[in-house]
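# Chains, contacts and geometry: an overview
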Amino acid sequence: MSSENSSADDVHQVWDVVVVGAGPAGASAAYAAAVAGRRVLILEKAELPRYKTCGGGIIGPSRDSLPPGFELPFRDRVHAVTFSNNGRFTRTRRSKQMLFGLINRPEFDQQLVEHAQKAGAEVRTGVTVQRVEQHGSAVPDRRSVAVVLQGGETLLARSVVGADGSASRIGAHVGVKLDQVDLGLEAEIPVPETVAEDWKGRVLIDWGPIPGSYGWVFPKGDTLTVGVISARGEGAATKRYLEEFIGRLGLAGFEPSISSGHLTRCRADDSPLSRGRVLVCGDAAGLLEPWTREGISFALRSGRLAGEWAVRIAEAHDAVDTRRQALNYAFAIKAGLGVEMSVGKRLLTVFERRPGLFHAGLTGLRPAWKAFMDITRGSTSLGELVRSHPMAQRALTAMDRRQAPVGDPVPAGDEATS
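What counts and how
- Residues numbered from 1 in each chain as written.
- Predicted model: local features only at pLDDT ≥ 70, side-chain atom pairs only at ≥ 80, totals over all residues.
- Heavy atoms only, no water.
- Helix = DSSP H or I, 4+ residues; strand = E, 2+ residues; numbered from the N terminus.
- Buried < 20%, exposed > 50% of the residue type's maximum accessible area, 1.4 Å probe, protein only.
- Areas by Shrake-Rupley, 256 points an atom, 1.4 Å probe, with all protein chains shown as cover.
- Salt bridge = Lys/Arg side-chain N within 4 Å of Asp/Glu carboxyl O.
- Core = buried A, V, L, I, M, F, W, Y, C linked by side-chain atoms within 4.5 Å.
- Contact = heavy atoms within 4.5 Å.
- Polar contact = N/O pair within 3.5 Å; in protein donor to acceptor, adjacent residues only side chain to side chain.

## Digging into the overall build of the chain
Each helix and strand in the chain was counted, giving 13 helices and 19 strands. Within the chain, buried positions represent 56% of all 418 residues. Of the roughly 17,900 Å² that the chain leaves accessible, carbon and sulfur atoms contribute 52%.

This is how it looks when you write it as C-alpha cells:
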C-alpha cells in the first residue's frame, strides 16, 4: 500500500479487514488476517464469553486448524463411544488412543478471540451490524465497504468477513442459499459425582426415531451435555425425543442449568461464498457436515481461509482482481469442505432410510469403526476416505442404490475394544 493511501486510511479509519462475529469462524479469520500484519477489527453483538448451543466435540480437523500454541481447554477426553438405535441394541466400542476432546464453548471461543487479539486484531463487543454497503454515498471509493452499525455509526473496510452465525445478515447480503435446516435441542445437566464418574471418557450416540435424527451425551466434568437434532418442522417430535432420551438415561430427576435450541443450516451447492469485497464463512456460509451437523471444524477451517483471502481482497486495486481472489476463495472451500459436504449429504440420505445399517456397521464391522476413529482423530476426512478407499466408494455407491424402510432391526452386541 502506498504512503498516500496509508494517510488517507488513517484519516478515515479504514480497516483492512472487518470480521463480523466472534465465534470460531470469525476468530479464525481475524487471526489469519492479523498474523499477516493487517489492521483487523472483530465486531460481536454479544458480550464475551457467551453461551452457544453446541455439543462441544473437538475432532482432529478442528484441533489441526487451531493457532500455534493454542491450549485446548478440554473438560474430558473421549476413549469410548456407546451407540444405541433409539435406545435399543446398545453397544460400546473403545479405543486405546483418544478419539476426540470435549470443551465448553464459552471458554473455547473466548480463547480463540484472545489469540486473534494477541496477533493484533481489535475487538468490539455489544455492537450489532445492521448492513454492509458496497455502493452509495457511505462508500468513498471502489476499494471500500461500509459496515453500518445499529445506531448509525459507519466503519470502512477494504474487505469484510461475515461470520455472524446461521441467521447471518452478511450471508443475506451475499445471497447465501440454504438447502437443509435442522433443529438442535440441548440441555446442560449438572449431575452428582457418582453419575459423572460413570460417563467419564465415554460419549453416547443414539440414532433417533425421526428420520435423520440422533441424540448425544457429552460428559464435561460435573455436567452432561445432552442433546438431539432432527430436520426442522418436527419441533414437537424433536422435543419429545429429547424428553424421552433424558428419561431413558435416568437423568430426568436432575434440573438442567441451561436448556436451549438452535437451527443449523447447510448451504445449497450453488450458494455464493462472496459478493464483491465481502466473504462469508462458517455457519454464515451454511458450511457444516450435513449428516452429523458438525460445524466447529468447518468454522475453523473456512474461517482461516476467509481471513487469508480477505487479506488478498484488501490488497486488490480493482474489481477484476477482487473477483479473481473471491473465486480462488470459493475454489479452496469447495475443493476441501465442499467435497466433505457432498459425501455427508449422501450419507444423510442413506441414514434417513436405514439408521440400523449405520448402527450395525459401527458396532459390528471393524472397517466402519476404524473409519469413525480415523475421521474423529483427523487422520482422514469423509472426502479423503471415499476418494482413496475403493471399498468405501463401493459401499457408499451400494448404499445410495438401496431403498429400504427406516429403522432396520439389528442384533444386540456385547462390548468391544479396538
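From this point, things continue past the structure.
## Points about the pattern of salt bridges
This structure, assessed with the given rule, holds 19 salt bridges. The closest approach of N and O atoms between Glu107 and Arg75, which form a salt bridge, is 2.8 Å. Remark: Arg75 occurs in the loop between α3 (60-63) and β4 (76-78) and Glu107 occurs in helix α4 (residues 105-118); sequence separation between them is 32 residues. Since its relative accessible area comes to 31%, Glu107 is described here as partly exposed. We classify Arg75 as partly exposed; its relative accessible area is 38%. Because the salt bridges share partners, they merge into one network encompassing Arg50, Arg105 and Asp109.

## Considerations on the nonpolar core
Grouped burial of nonpolar side chains is what soluble globular proteins tend to show. In terms of nonpolar packing, the biggest core is built from 68 residues, with Val18, Leu43, Phe108, Val147, Val160 and Tyr329 touching the most fellow members. With 10 residues, helix α8 (residues 296-315) is the largest single contributor of residues to this core. Sequence-distant contacts of Phe108, defined by excluding residues within four places in its chain, comprise Pro24, Ile58, Leu66, Phe70, Leu72, Pro73, Ile103, Ile296 and Leu300. By size, the runner-up hydrophobic cluster in this structure holds 27 residues, among which are Phe83, Leu348, Phe358 and Val386.

## Description of the side chain of Thr92
With respect to the helices and strands, the residue Thr92 is situated in strand β6 (residues 88-94). A polar contact of 2.7 Å, which involves the side chain of Thr92, links it to the side chain of Thr82.

## Things to note about the environment of His135
Examined against the element boundaries, His135 turns out to sit in the loop between β9 (129-133) and β10 (145-149). Counting along the chain gives 11 residues from His135 to Ala146, while the straight-line C-alpha distance between them is 8.4 Å.

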